[in-house]
Amino acid sequence: MSDRTTAAETLAAGAPAKSSPHVDAGDAGYSKDLKSRHINMIAIGGAIGTGLFLGAGGRMAGAGPSLAVAYAVCGVFAFFVVRALGELVLYRPSSGAFVSYAREFMGEKGAFAAGWLYFLNWSTTAIADITAAAVYAHFWAMFSDIPQWILALIALAVVLTANLISVKYFGEMEFWFAIVKVAALVAFMLVGIYLVVTQTPVDGHTPGFSTITDNGGIFPVGMLPMLLVIQGVVFAYASVELCGVAAGETENPEKIMPKAINSIMWRVGLFYVGSVVLLALILPYTAYSGDQSPFVTVMEKLGIPGTAGVMNLVVLTAALSSLNSGLYSTGRILRSMALSGSAPKFTGKMNKGQVPYGGILLTAGFGVIGVGLNFLMPGEAFEIVLNFASIGILGTWGMIMLCSLLFWHRSQDGRVTRPSYRLPWAPYTQIVTLVFLASVVVLMWWGGGVGRTTVMCLPLIAAALVIGWFTVRRRVSEIAAERQDA
């Protein structure tokens, strides 16, 4: 389905969007096999990932209960980003998502930068996910003697195989992965609320507000550590934009997307902020560490046979779910870019199952690099790639908000019509979000260590984008000219 026909047909809560003159060849050839239940659970699964299940432990140990504040703040801005993307989707659904919108509003240079920043995000996130999966697997004695890099390779191979079959398999996998994650968090929160209400001792500590007040309060190590963990918290929300990519492979995005996106906000508040608050109430923040999921820590301290193993299986599922999503989304984005000339030709190829296998294999190839990283430095692999993934996420979110801002400007002079489903308080929302994203980069540098090293690599990333653009721009121009002649 072309962008031209889609834009003309799209209705947003009963209001027609003005037809877009933009045509994205990358939208053609896909099956429309994702149903409402898939999109809704993809939206949930995108908001519940490795960053919460694994990353919350180390960040709780570093910032204390104030981590809940960081999750709440970042959650608001994540909602703004996905709401802005939702408005663009209702204007013109596209499997190329924000890359397609960057092409329409910023030209091919913008699309090139948006696409490759997104690839940086997910190629490094894939490394983080297989690293997390390997760390989780070591929880069980049967896997403890297997090197971390082998477990990482197995995780990559399993998810890659499933992702290459068809979008229907991806949708079903993600649906059930999300069901498992939500069910586990609900179960944990029910147990946590019971422990707090009944004040049942856990590892010698009585759950309740005294657990926070007796251990330094909400900011036990000051406010600065809370600010410094924000870049890691941003990583936890890395998949919220996935539902925008998936909209290109569903039949009725104008009906499905608003409901899925609106539900993200309360789910973020419930699952992220609520679970972190419960973690802080149950055990002192010093009981948690970056080496283990905080949910597994609580279950181990409870001493109930088998519960820690079950929760560890859940967090392993979360890591595989995130990897599954990354391979899916980068495959679609790279195909959109390949058909415009800004990505290698092979990433535009599709198999019989209407899956863009070229882009998926390219992302998986970077996952193999992650296997090597797990071999060389298993203890540091997760933290290193998390910082580079955060740069990719910040760049992607920034591009989404820039596209939203340019879309708003075009609507002011009548060149486009905004759908009824809109980002509230535009254009101020976009501007404030862009300022927030820039401040996160500053905080990464301020925190020193791996974060500062990552920020210092920004000129290299920018240089790579410039060199890459000059490498492909002639091919991009030729393809654009051929389409105009056709």
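Predicted model, so just to flag it, every value in this text is computed and none were measured.

> Outline the pattern of salt bridges, supporting the account with residue identities and numerical values.
Two side chains bearing opposite charge may form a pair once their charged atoms approach each other closely. Taken as a whole, this structure holds five salt bridges when the rule is applied. Its salt-bridge partner being R418, residue E87 comes within 2.6 Å of it at the nearest N-O pair. Of this pair, E87 sits in helix α5 (residues 67-91) while R418 sits in the loop between α17 (381-412) and α18 (428-446), and the two are 331 residues apart along the sequence. Given a relative accessible area of 1%, E87 falls into the buried group. Notably, a salt bridge pairs K301 with D203, separated by 3.6 Å at the nearest N-O pair. Within this pair, whereas K301 is found in helix α14 (residues 294-302), its partner D203 is found in the loop between α8 (167-198) and α9 (209-213), the two being separated by 98 residues in sequence.

> Help me get a handle on α14, residues and values and all.
Every buried residue belonging to α14 is among P294, F295, V296, T297, V298 and M299, and all of these are buried. Directly beyond the C-terminal end of α14, a positive phi value near 75° is found at G303.

> Go over the packing of aromatic side chains, please, and point to the residues and values.
Using the criterion set out here, one finds 17 aromatic pairs in the structure. Each member of the aromatic cluster is reached from another via a ring pair, and the members are F112, W116, F119, F366 and W469. Sitting over the ring of Y421, R83 keeps its end group 4.1 Å from the ring centre. Positioned over the ring face of W445 is R452, at 4.1 Å from the centre of the ring.

> Could you give an account of the packing of α8 against α14, with specific residues and numbers?
Where α8 meets α14, the closest approach of the two axes is 12 Å, and the angle between their N-to-C directions is 50°. The pairing of α8 with α14 is recorded here as oblique in orientation. Between α8 and α14 lies a crossing of left-handed hand. Contacts from L185, F188, V191 and L195 in α8 reach F295, V298, M299 and L302 in α14. Class assignment of the residues belonging to the contact of α8 with α14 gives a composition of eight nonpolar, no polar and no charged.

> An account of a nonpolar patch on the surface is needed here, citing residue identities and associated values.
A grouping of V69, V73, I218, F219 and M223 is seen on the molecular surface, where their side chains present a nonpolar patch of about 390 Å² in accessible area. Take I218: it is sitting in the loop between α9 and α10 (223-228).

> Residues and numbers for the packing of helix α6 (residues 97-137) against helix α15 (residues 307-338), please.
One way to put it is that α6 packs onto α15 with a least axis distance of 8 Å and a crossing angle of 155°. Taken together, the axes of α6 and α15 are roughly antiparallel relative to one another. Crossing hand, α6 versus α15: left-handed. Grouping the amino acids of the contact of α6 with α15 by side-chain chemistry returns 22 nonpolar, nine polar and two charged.

> I'd like a rundown of the environment of S66, residues and numbers included.
Along the chain, the position of S66 falls in the loop between α4 (55-63) and α5. Residue S66 is classed as buried on the basis of its relative accessible area of 0%. The spatial distance from the C-alpha of S66 to the C-alpha of G222 is 9.1 Å, given a sequence separation of 156 residues. Other than its neighbours up to four places away in sequence, S66 contacts I218, F219 and M226.

> Before we move on, could you go through the side chain of S321 and cite the residues and values that matter?
Within the secondary structure layout, S321 lies in helix α15. Setting aside anything within four residues of it in sequence, one finds S321 in contact with E174, F177 and K181.

> Kindly report on the environment of L120, identifying the contributing residues and their values.
As for its position among the elements, L120 is in helix α6. Among the residues examined, L120 registers a relative accessible area of 18% and is labelled buried. Once the C-alpha coordinates of L120 and I461 are considered, the two residues, 341 residues apart in sequence, prove to be 9.5 Å apart. With residues near it in sequence (within four places) discarded, L120 still touches F388, I391, G392 and I461.

> Residues and numbers for unusual backbone geometry, please.
The linkage connecting A426 with the following residue, P427, adopts the cis geometry, with an omega of 5°. Residue placement: P427 occurs in the loop between α17 and α18. Even without being a glycine, Q199 presents a positive backbone phi close to 55°. Relative to the helices and strands, Q199 resides in the loop between α8 and α9. Judged by its relative accessible area of 46%, Q199 falls in the partly exposed class. One non-glycine residue, W425, adopts positive backbone phi at about 65°.

> Describe α6, with residues and values.
Between the first and last C-alpha of α6 there are merely 34 Å, a value that for 41 residues lags more than 12% behind the 60 Å anticipated at 1.5 Å per step. Remark: the principal bend of α6, roughly 145°, maps to M106.

Cut-off values and rules
Residues numbered from 1 in each chain as written. Predicted model: local features only at pLDDT ≥ 70, side-chain atom pairs only at ≥ 80, totals over all residues. Heavy atoms only, no water. Salt bridge = Lys/Arg side-chain N within 4 Å of Asp/Glu carboxyl O. Helix = DSSP H or I, 4+ residues; strand = E, 2+ residues; numbered from the N terminus. Buried < 20%, exposed > 50% of the residue type's maximum accessible area, 1.4 Å probe, protein only. Phe/Tyr/Trp six-rings, centres within 6.5 Å; stacked < 30°, edge-to-face > 60°. Lys NZ or Arg CZ within 6 Å of the ring centre and 35° of its normal. Axes fitted to C-alpha atoms, helices over the stretch in contact; angles between N-to-C directions. Parallel < 35°, antiparallel > 145°, perpendicular 65-115°, else oblique. Left-handed = near helix turned anticlockwise from the far one by under 90°. Contact = heavy atoms within 4.5 Å. Nonpolar A, V, L, I, M, F, W, Y, C, P; charged D, E, K, R; others polar. Patch = residues over 30% accessible without salt bridge, like charges linked within 9 Å, V, L, I, M, F, W, Y side chains within 5 Å. Areas by Shrake-Rupley, 256 points an atom, 1.4 Å probe, with all protein chains shown as cover. Expected span 1.5 Å × (residues − 1). Bend = angle between axes of the 7 residues up to and from the residue.

These results come straight from atomic positions and should not be treated as a statement about function.
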